[in-house]
Amino acid sequence: MKVLGLETSCDETGLAIFDSELLAEGKNGLLGQVLYSQIELHATYGGVVPELASRDHIRKLVPLLDELLAQCDISKDEIDAIAYTKGPGLIGALMTGALFGRSLAYGLDVPAIGIHHMEGHLLSPLLGPNPPKFPFVSLLVSGGHTLLVAAHGIGEYEILGESIDDAAGECFDKAAKMLGLPYPGGPNVARLAEQGDPLKYELPRPMLHRGLDFSFSGMKTAVHNLVKDTPGSDNDEQVRADIAASFQHAVVDTLVKKCVKALKQTGMKQLVIAGGVSANLHLRQTLEQQLAKIGATVHYAPLELCTDNGAMIAYAGYQRLQAGQQDALSVSCVPRWNI
Ligand code: KG4
Ligand code: ZN
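Since we're looking at a predicted model, the values are computed, not measured.

Colleague: Give me the coordination of the zinc ion (ligand 2): which residues, what numbers.
Modeller: Around the zinc ion (ligand 2), the protein supplies His-117 (NE2), His-121 (NE2) and Asp-308 (OD) as donor atoms, at distances of 2.0 to 2.1 Å. Summarised as a motif, the one-chain spacing of the donors to the zinc ion (ligand 2) is H-x3-H-x186-D. A residue pair is termed long-range when its members are at least 10 positions apart, and His-121 in helix H4 (residues 117–123) and Asp-308 in the loop between strand S10 (297–300) and helix H10 (310–322) qualify at 187 residues. On the basis of relative accessible area, Asp-308 is assigned to the buried category, the value being 13%.

Structure (structure tokens):
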């Protein structure tokens, strides 16, 4: 079964084909993928402009599909099903992928299914070299979400904790802005932090001892004050690197401690990290070290599948279709939607 996956919830137009026949050959099932990032388009504005995002998805969807089919060396008649991101995300951007996917499925007379963006992220480590087995704990950390989930099976997700305010990725993006780094902030803060001392400045670890929820808005204020009060934060590269490293360390420390707590609470031994922030190397390394101490393992997607992409949507679609699900002909998108 070949499933075309379409991701258009924010500023990446991602298309991929998952082919279940490849699983029999011991592969991860990914036949091919293309990804077009709108980063340059939005960079001048310091963040994603929803209207521009929708327009750009429309511009790119058909040419990208052609490129993907050529890459996979198949014709569109060989597509057996279509999965598109149904939410959460920017409503206009979601509608472009949903309408394109639903209409293409109608034309090809194949089933279509709308996928929860965070389920795509959650399942993406199953496409990685060291896939976990259900049940596992999943830390979903992206620009819009910070969630700890107990994943018992496909579609069986129990929320253990979540951010009561900002998402971890959003916090990275805001800290980047305060340091004058370009959008998207996460990777740029991580790069600057490489040369810095993570213990130079003490930043808060909000809600560390209160359950499995997170709070990152206080961290934002703390970084704002640190940048404002530290001489050299605008022109001394070492000072800037120390601030970035201390900030990154505080966020990672908070995330890791909550993950350890979630594993202990559920008795599970596997942790999956997914979403844009799971690309952060400091987070990955710290988790590897800390989880080894409690006999647990950490699993993540290949770097290129950590941020938004079509492959995770194609894979989640395949799993849902296998379970007998598909969507009606009418298209509906859900901009705010709990997993
Ligand atoms: O999952 P994603 O691509 O899009 C959303 O669904 O939000 O996540 C994007 C987020 C952004 O906030 C970005 O700054 C962050 O992930 N991010 C990172 C890194 N790479 C991306 N944050 C920290 N370190 C990174 N290496
Ligand atoms: Zn995402």
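Colleague: For the site of ligand 1, give the residues involved together with the corresponding values.
Modeller: With respect to spatial proximity, 17 residues lie near ligand 1, and among them His-121, Gly-143, Asp-173, Gly-186 and Asn-280 are the closest. With the chains in place, 87% of the 560 Å² that ligand 1 exposes on its own is no longer accessible. Elements that contribute at least two residues to the shell around ligand 1 include exactly H4, helix H5 (168–178) and helix H6 (185–193). Along the lines of polarity and charge, the residues of the shell around ligand 1 split into 4 nonpolar, 11 polar and 2 charged.

Colleague: How would you summarise the sheet that holds strand S5 (residues 112–116) if you had to cite specific residues and measurements?
Modeller: Spatially, the 5 strands line up as an open sheet ordered S3-S2-S1-S4-S5, and their pairing is mixed. Edge positions in the sheet fall to strand S3 (30–37) and S5, since each has one partner strand and no second. On average, each strand axis in the sheet is tilted by 20° relative to the strand beside it, whichever way the strands run. Bridging between strand S4 (residues 81–87) and S5 involves 5 bridges; their strand directions are parallel. If you follow Ala-83 over to S5, its bridge partner there is Ile-113. Contacting strand S1 (2–7), strand S2 (12–19) and S3, helix H2 (residues 50–72) crosses the sheet at an angle of about 150° to S3.

Colleague: Just give me the short version of the side chain of Arg-240, but keep the residues and values in it.
Modeller: With respect to the secondary-structure elements, Arg-240 resides in helix H8 (residues 237–266). Since its relative accessible area comes to 9%, Arg-240 is described here as buried. Here Leu-179 takes part through its backbone oxygen, which lies 2.8 Å from a polar atom of the side chain of Arg-240. With residues up to four places along the chain from it excluded, the contact list for Arg-240 reads Leu-179, Leu-181, Leu-192, Gly-232, Ser-233, Asp-234 and Asn-235.

Colleague: Can you explain the UniProt feature "binding site: Fe cation" (unreviewed entry) in the chain? Please cite residues and give values.
Modeller: Taking the numbering used here, the UniProt-annotated feature "binding site: Fe cation" (unreviewed entry) corresponds to His-117, His-121 and Asp-308. On the basis of their most widely separated C-alpha atoms, the annotated residues across 192 residues gather in one place, lying no more than 8.7 Å apart. With residues up to four places along the chain from it excluded, the contact list for His-121 reads Leu-140, Ala-274, Gly-275, Gly-276, Cys-306, Thr-307, Asp-308 and Met-312. Of note is the side chain of Asp-308, whose polar atom sits 3.0 Å from the side chain of His-117.

Colleague: With reference to specific residues and values, describe the side chain of Ser-246.
Modeller: Relative to the elements of secondary structure, Ser-246 occurs in helix H8. A relative accessible area of 1% means that Ser-246 is categorised as buried. One polar contact links the side chain of Ser-246 to the main-chain amide nitrogen of Tyr-201, over a distance of 3.1 Å. Once residues within four sequence positions are removed from consideration, Ser-246 is found in contact with Asp-197, Pro-198, Leu-199, Lys-200, Tyr-201 and Leu-203.

Colleague: Break down unusual backbone geometry for me, citing the residues and quoting the values.
Modeller: Note: most residues except glycine have negative phi, and most peptide bonds are trans. With an omega of -15°, the peptide bond running from Gly-87 to Pro-88 counts as cis. Examined against the element boundaries, Pro-88 turns out to sit in the loop between S4 and helix H3 (91–108). Between Tyr-183 and the following residue, Pro-184, the backbone shows a cis peptide bond with an omega angle of -5°. One can find Pro-184 in the loop between H5 and H6. Phi is positive for Asp-109, close to 60°, though the residue is something other than glycine. Considering the arrangement of structural elements, one finds Asp-109 in the loop between H3 and S5. Residue classification places Asp-109 among the exposed positions, given a relative accessible area of 71%. Its identity is not glycine, yet Met-207 carries a phi of approximately 60°, on the positive side. Positionally, Met-207 belongs in the loop between H6 and helix H7 (217–229).

Conventions used here
- Residues numbered from 1 in each chain as written.
- Chains lettered and ligands numbered in written order.
- Predicted model: local features only at pLDDT ≥ 70, side-chain atom pairs only at ≥ 80, totals over all residues.
- Heavy atoms only, no water.
- Donors = N, O, S within 2.8 Å, 3.2 Å for Na, K, Ca; no water.
- Helix = DSSP H or I, 4+ residues; strand = E, 2+ residues; numbered from the N terminus.
- Buried < 20%, exposed > 50% of the residue type's maximum accessible area, 1.4 Å probe, protein only.
- Near = heavy atom within 4 Å.
- Areas by Shrake-Rupley, 256 points an atom, 1.4 Å probe, with all protein chains shown as cover.
- Nonpolar A, V, L, I, M, F, W, Y, C, P; charged D, E, K, R; others polar.
- Pairing = 2+ DSSP bridges.
- Axes fitted to C-alpha atoms, helices over the stretch in contact; angles between N-to-C directions.
- Contact = heavy atoms within 4.5 Å.
- Polar contact = N/O pair within 3.5 Å; in protein donor to acceptor, adjacent residues only side chain to side chain.
- UniProt positions renumbered as here; feature names shortened; annotations may be inferred.

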